[in-house]
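# Inside the fold
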Amino acid sequence: MKRLLSGNQALARGAWESGVRVAAGYPGTPSTEILETFAPMPGIYAEWCPNEKVALDVAIGASYAGARAMAVMKHVGLNVAADALFYAAITGVEAGLLIVVADDPGMHSSQGEQDTRRYGKFARVPVLEPSDSQECLEMVATALELSETFDTPVILRTTTRIAHSYGLVEVGPDRAPAADAERPTYRVDPTKYVMLPGNARRRHPIMEDNIRRVAEAANTLPCNRIEPGDRSVGIVTSGAAYQYAREVFPNASFCRLGLSYPAPTRLLAEFAAGVERLIIIEEGDPVLEEECRLQGLPCEGKSIFPLVGELSTETVYDAALRAGLVDEQPWRAPVARAPQARDLPALPPRPPVLCPGCPHRGVFATLRKLKVVVNGDIGCYTLGALPPLSALHSCGCMGASIGVAHGVALAGIQQHNVAVIGDSTFYHTGIAALLNVAYNQSRTVTIILDNSTTAMTGHQQHPGTGYTLQGRPTPPADLEGLVRVLGIQQVHVVDPYDLESVETTLKACLALDAPSVVIARRACALLPEARKQYRPLRVQADKCIACGTCRRLGCPALTKSDELYAKTGKPKTVIDPVLCTGCEICAQVCPVDAILFRNQLDDSGGQA
Amino acid sequence: MTESDRPLYAPQNFLLAGVGGQGTLLAADIVALVGVALGHDVKKSEVHGMAQRGGSVTSHVRWAEKVYSPLSAPGEVDYLIAFERLEALRYANMLRPGGVALVNDYRIAPGSVTSGGDTYPSEADEASVYAANLRALHVPAQALAQALGQVRVNNVLMLGVLSVFLDAPESVWREVIASRVPARYVALNDRAFSAGRAEGLRLL
């Protein structure tokens, strides 16, 4: 029977059916669920690594040792792992090596929308692009076969819309348990695997020859196919864009590429010869378009369809209509274009916010009060940049905060500045940057927000949590010890729910003439253990002076009351008991003690 | 080339919208699985990650003989199932002319309203949107679920309302719901579905 699976679930199932034995990765939207789905399957090993570079090295090692292997990451993770990608491309593999990379066109949860297909051409590594969940499953097998036949790693590029969309999947047979029992012998081959310049010089032409052979095979690969139709418009497309194009052009001729690098030159030429107008519809960069142009095939692509953002049926239709490729499709006239709706005021946005009880809130409220420049990092706490906290002033990529803060300190600005980084992000790429701060002794204050999990991507384990991806207990990293051993002598641990201690400690560290680290330690309020501690607080309405200080913490549990403060006519605050966790940060900032602390509440939520 | 005829495979399109934590994604799962049980090709699409943190959450579900895009385009949605009034308004433009908005009569003020200068849309604003050739039905799902003893089942209650608009046998819905909620909550969710159906028949 067919199953309704997400692209990520189908990829995990495909990896299991195809005999992947070792898988490694780092969580990153939209790729995270692949390893979470794969990890409990029988006969396999899967782990979270501190970062994607380590994960890809692990997968490469398993492949060198003769086990089919998979590394999993989001698009920007491949930047971190790029060094490993390039050496694996030149050494080639023993057993199949699959690198799953999930792009995020439209930046639903990312800092950029770089197109991973570019890495294929850059590193001479084939790139497969599934268009739905069924192909996610099937293309794992294709990737591993290509990898072993042509002695190369293979990238499988998904996008948010493929990874997080569900479709019906015909799954294959269960994996044979016998395949799991074999213990391969490590095949020693220094000329292939030791990339001293002399060996690398011999390997480079082999790599170029391998990718030429893949390009030849691409012409007959089943995932590259021509779907004949009306010959006036011929569409070359791949990935999610294929689905949108199919909706807008139900009758056109299609050349659907499952392998988008290297391009199947003969197939494209044959297709182009049979259609009047060659149109390229692809999400992201004009990769297929450039390949067509290199072959001298006249075509149109990004001159019609958007370069920036995620495609959709709507954007493809609008662009196609403007270019005269389709007639008007009246059922696509959005209701919003009706006159009644045009005059509506802009709706208040509902962006993501720090959750009620989020321990990061106490740190950002204090940083705002101290008026310091905050060089931030990637995680939930990036939301500290949003009003009303507005207390994070730069965020670029994983681990950037500490190096950037060090550079800011060196430039000699008027204000103080600090680095803010999460625990998982610190283990990912923060350690080397903190070593640099210690080595070169800048006055950088580094705040590690230790919420004991990888929160943003949905609570994954990391080296500090004491458990692995497969649930095995492991000694947790000693964060204070690690920081000290890097050469930081001033190390302080504070509870971010205790605003006074956060402020006192930060002030003391900012006054130092040496580097320091403040670890703000409190578990994420959404973890099961933290949820057991919830105790909603209450505002004593008769005491509230409607100053709004508490609401400027940006806690979703604090809302405007219908009751107004008589002197100013402003709304008082009420606490939503469904949302409040009882973290007491608001009670601490209230200037008139109108918010009751936990120990002031009686059992019914009234005053004790 | 002309593409002026609406294709024969025109799917049945659902859009579920709510605020993170309201059970929007579970409800979408159920709608998708009902489509599967009825023998349709089904796709469902949602975005995880940052959007979950108290933000606006949507999930598209499409049933048809063959579904291509996992997303419906603006003007293509047959049923908007919204668990919050502002979110209903935000996605009303996705409905086709004559499309149905089932709106949980419940407001959650976003941060820009509670701590900023924005105002929550008025009922007159809402009426001006829904007047545009749409059918909006407000369902007191929060209150009805509260009466059943658990406000969290308002999502399944809303599906009960939806079910009276569709051809699917009631038993299919109940079986799918039972398969997707924890065993100890099956009876409660089944009652919520019944309460939703009763309300749906009243509104129809």
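Residues numbered from 1 in each chain as written. Chains lettered and ligands numbered in written order. Predicted model: local features only at pLDDT ≥ 70, side-chain atom pairs only at ≥ 80, totals over all residues. Heavy atoms only, no water.

## Description of the overall build of chain A
When helices and strands are counted, chain A shows 22 helices and 20 strands. In summary, chain A has a C-alpha radius of gyration of 28 Å against a globular reference of 25 Å for 608 residues, a match within 12%. Across the 608 residues that make up chain A, the buried fraction comes to 59%. Counting only contacts in chain A whose residues sit at least 6 apart along the sequence, the fraction spanning at least 24 positions is 72%. Carbon and sulfur atoms form 56% of the exposed surface of chain A, whose accessible area is close to 24100 Å². (Helix = DSSP H or I, 4+ residues; strand = E, 2+ residues; numbered from the N terminus. Rg over C-alpha atoms; globule rule 2.2 N^0.38 Å. Buried < 20%, exposed > 50% of the residue type's maximum accessible area, 1.4 Å probe, protein only. Contact = heavy atoms within 4.5 Å. Areas by Shrake-Rupley, 256 points an atom, 1.4 Å probe, with all protein chains shown as cover.)

## Re the overall build of chain B
Within chain B, the secondary structure is distributed over eight helices and six strands. Ordered by position in the sequence, the α and β elements of chain B form the string β-α-β-β-β-α-β-α-α-β-α-α-α-α. Against the 2.2 N^0.38 benchmark of 17 Å for 204 residues, chain B shows a C-alpha radius of gyration of 17 Å, consistent with a compact globule. With respect to the principal axes defined by its C-alpha atoms, chain B has extents near 50 × 45 × 35 Å.

## A word on helix α16 (residues 360-370) of chain A
Residue pairs three or four apart in sequence face the same way in an α-helix, which turns once every 3.6 residues. Residues and elements named next belong to chain A. Counted residue by residue, α16 has nine buried out of eleven residues, so it is predominantly covered. Turning to α16, its buried residues are His360, Arg361, Gly362, Val363, Phe364, Ala365, Thr366, Leu367 and Leu370. Packed against the buried residues of α16 are β14 (373-375), β15 (417-422), β16 (445-450), α20 (499-510), β18 (516-521) and α22 (585-589). A positive phi of about 55° marks lysine 371, the residue just after α16.

## A word on the sheet that holds strand β4 (residues 69-74) of chain A
Residue and element names in this part refer to chain A. Pairing within the open sheet is mixed, and its seven strands lie in the order β3-β2-β4-β5-β7-β6-β12. Pairing within the sheet leaves two strands with one partner each, and these edge strands are β3 (45-48) and β12 (259-261). Looking at chain direction, β4 and strand β5 (residues 97-103) are connected through six bridges and run parallel. Following the sheet pairing, alanine 71 is matched in β5 by isoleucine 99. (Pairing = 2+ DSSP bridges.)

## Section: the interface of chain A and chain B
Facing the 63 residues of chain A at the interface are 63 residues of chain B. Buried surface at the junction of chain A and chain B, both sides included, amounts to about 5300 Å², of which 61% is carbon and sulfur. Between chain A and chain B we count three salt bridges in total. Taken together, chain A and chain B are joined by twelve residue pairs in polar contact (both at pLDDT 80 or more). At the level of secondary structure, the elements contributing two or more residues to the side of chain A that touches chain B comprise α8 (160-163), β8 (165-169), β10 (230-237), α11 (239-248), α14 (313-322), α15 (339-342) and β19 (558-565) of chain A. (Buried area = accessible area lost by both parts, 1.4 Å probe. Salt bridge = Lys/Arg side-chain N within 4 Å of Asp/Glu carboxyl O. Polar contact = N/O pair within 3.5 Å; in protein donor to acceptor, adjacent residues only side chain to side chain.)

## Description of the packing of helix α5 (residues 82-91) of chain A against helix α10 (residues 197-218) of chain A
Residue and element names in this part refer to chain A. Where α5 contacts α10, the axes come no closer than 8 Å and their chain directions differ by 80°. With respect to α10, the element α5 is oriented roughly perpendicular. Where α5 abuts α10, its residues Ala89, Ile90 and Thr91 lie against Ala200, Arg203, His204 and Met207. (Axes fitted to C-alpha atoms, helices over the stretch in contact; angles between N-to-C directions. Parallel < 35°, antiparallel > 145°, perpendicular 65-115°, else oblique.)

## Things to note about the packing of aromatic side chains
A full pass over the atoms with the stated rule returns eight aromatic pairs over all chains. The positively charged end of B:Lys44 is found above the aromatic ring belonging to A:Tyr166, 3.9 Å away from the centroid. A cation over an aromatic ring shows up here: B:Lys66 above the ring of B:Tyr68, its NZ or CZ 5.2 Å from the ring centre. (Phe/Tyr/Trp six-rings, centres within 6.5 Å; stacked < 30°, edge-to-face > 60°. Lys NZ or Arg CZ within 6 Å of the ring centre and 35° of its normal.)

## Looking at the pattern of salt bridges
All names here are of chain A. Taken as a whole, this structure holds 50 salt bridges over all chains when the rule is applied. When the shortest N-O distance is used, the salt bridge between arginine 157 and aspartate 103 registers 2.7 Å. Remark: aspartate 103 occurs in strand β5 and arginine 157 occurs in strand β7 (residues 154-159); sequence separation between them is 54 residues. Measuring nitrogen to oxygen at the nearest pair gives 2.8 Å for the salt bridge that ties arginine 522 to aspartate 495. With arginine 522 in the loop between β18 and α21 (528-531) and aspartate 495 in the loop between β17 (490-494) and α20, this residue pair connects regions lying 27 residues apart in the sequence. Judged by relative accessible area, aspartate 495 falls into the partly exposed class, the value being 27%.

## Focus: the sheet that holds strand β9 (residues 225-227) of chain A
All names here are of chain A. Strand order across the open sheet formed by four strands is β9-β11-β10-β13, with mixed pairing between neighbours. If you trace the sheet from one side to the other, it starts and ends with β9 and β13 (277-281), each paired once. Averaged over neighbouring strand pairs, the angle between their axes works out to 20° when direction is ignored. Two strands pair when backbone bridges link them, and β9 and strand β11 (residues 252-256) are joined in this way by three bridges, in the antiparallel orientation. Following the sheet pairing, arginine 225 is matched in β11 by arginine 256. Along the sheet face, helix α13 (residues 287-294) touches β10 and β13 and points at about 145° away from the line of β13.

## Re the pairing of strand β3 (residues 56-64) of chain B
Residues and elements named next belong to chain B. In terms of burial, β3 is largely enclosed, as nine of its nine residues are buried. Burial along β3 is two-sided: Ser56, Thr58, His60, Arg62 and Ala64 and Val57, Ser59, Val61 and Trp63, pointing in opposite directions, are all buried. Relative to β3, strand β1 (residues 12-19) runs antiparallel, the two being bridged by eight bridges. Paired with valine 19 across the bridge in β3 is serine 56.

## Digging into α14(A)
Residues and elements named next belong to chain A. Within the sequence span of α14, burial applies to Thr313, Val316, Tyr317, Ala319 and Ala320. Buried-residue contacts for α14 involve α11 and β13. Within two residues after α14, glycine 324 carries a phi angle of roughly 75°, on the positive side.

## Description of the domain arrangement of chain A
By convention, interface size is frequently given as the accessible area that disappears when the constituent parts associate. All names here are of chain A. Parsing chain A into structural domains produces domain 1 (3-218), domain 2 (225-328), domain 3 (360-530) and domain 4 (534-600). Its C-alpha centre places domain 1 at a distance of 27 Å from the equivalent point of domain 2. Between domain 1 and domain 2, the residue contacts involve 30 residues of the former and 30 residues of the latter. Interface area, domain 1 with domain 2, both sides summed: about 2300 Å², of which 45% is carbon and sulfur. For the pair domain 1 and domain 2, the number of links is eight salt bridges. When the shortest N-O distance is used, the salt bridge between arginine 256 and glutamate 135 registers 2.8 Å. Linking domain 1 with domain 2 are 20 residue pairs in polar contact (both at pLDDT 80 or more). Only α6 (117-123), β6 (127-128), α7 (133-150), β7, α8 and α10 provide two or more residues apiece to the side of domain 1 that touches domain 2. Looking at which element gives the most residues to the side of domain 1 that touches domain 2, the answer is α10, with five residues. (Domains from an automatic or database assignment.)

## Focus on the nonpolar core
Residues and elements named next belong to chain A. The biggest cluster of nonpolar side chains holds 94 residues, and the ones touching the most others in it are Phe38, Met70, Phe249 and Ile281. The element best represented in this core is α7, accounting for eight residues. A domain-level breakdown of this core finds at least three residues from each of domain 1 (3-218) and domain 2 (225-328). Of all hydrophobic cores here, the second largest spans 66 residues; its members include Phe364, Tyr381, Ile402 and Ile595. (Core = buried A, V, L, I, M, F, W, Y, C linked by side-chain atoms within 4.5 Å.)

## Let's talk about the confidence of the model for chain B
Predicted confidence across chain B gives a mean pLDDT of 89, with 92% of residues reaching 70 or more. For residues 1-9 of chain B, every residue scores under 50 in pLDDT, and the model assigns this stretch 28 contacts once sequence neighbours within four places are set aside. (pLDDT = per-residue confidence, 0-100.)

## Looking at unusual backbone geometry
Most peptide bonds adopt trans geometry, and most residues besides glycine take a negative phi value. Residue and element names in this part refer to chain A. Put simply, threonine 29 and proline 30 share a cis peptide bond, and its omega is 10°. Note that proline 30 resides in the loop between β2 (22-25) and α2 (32-38). Each neighbour pair has its own omega, and for tyrosine 261 with proline 262 the value is -5°, a cis peptide bond. With respect to the helices and strands, proline 262 occurs in the loop between β12 and α12 (265-273). The phi angle at glutamine 441 is positive, at roughly 50°, despite the residue not being glycine. With respect to the secondary-structure elements, glutamine 441 resides in the loop between α18 (423-440) and β16.

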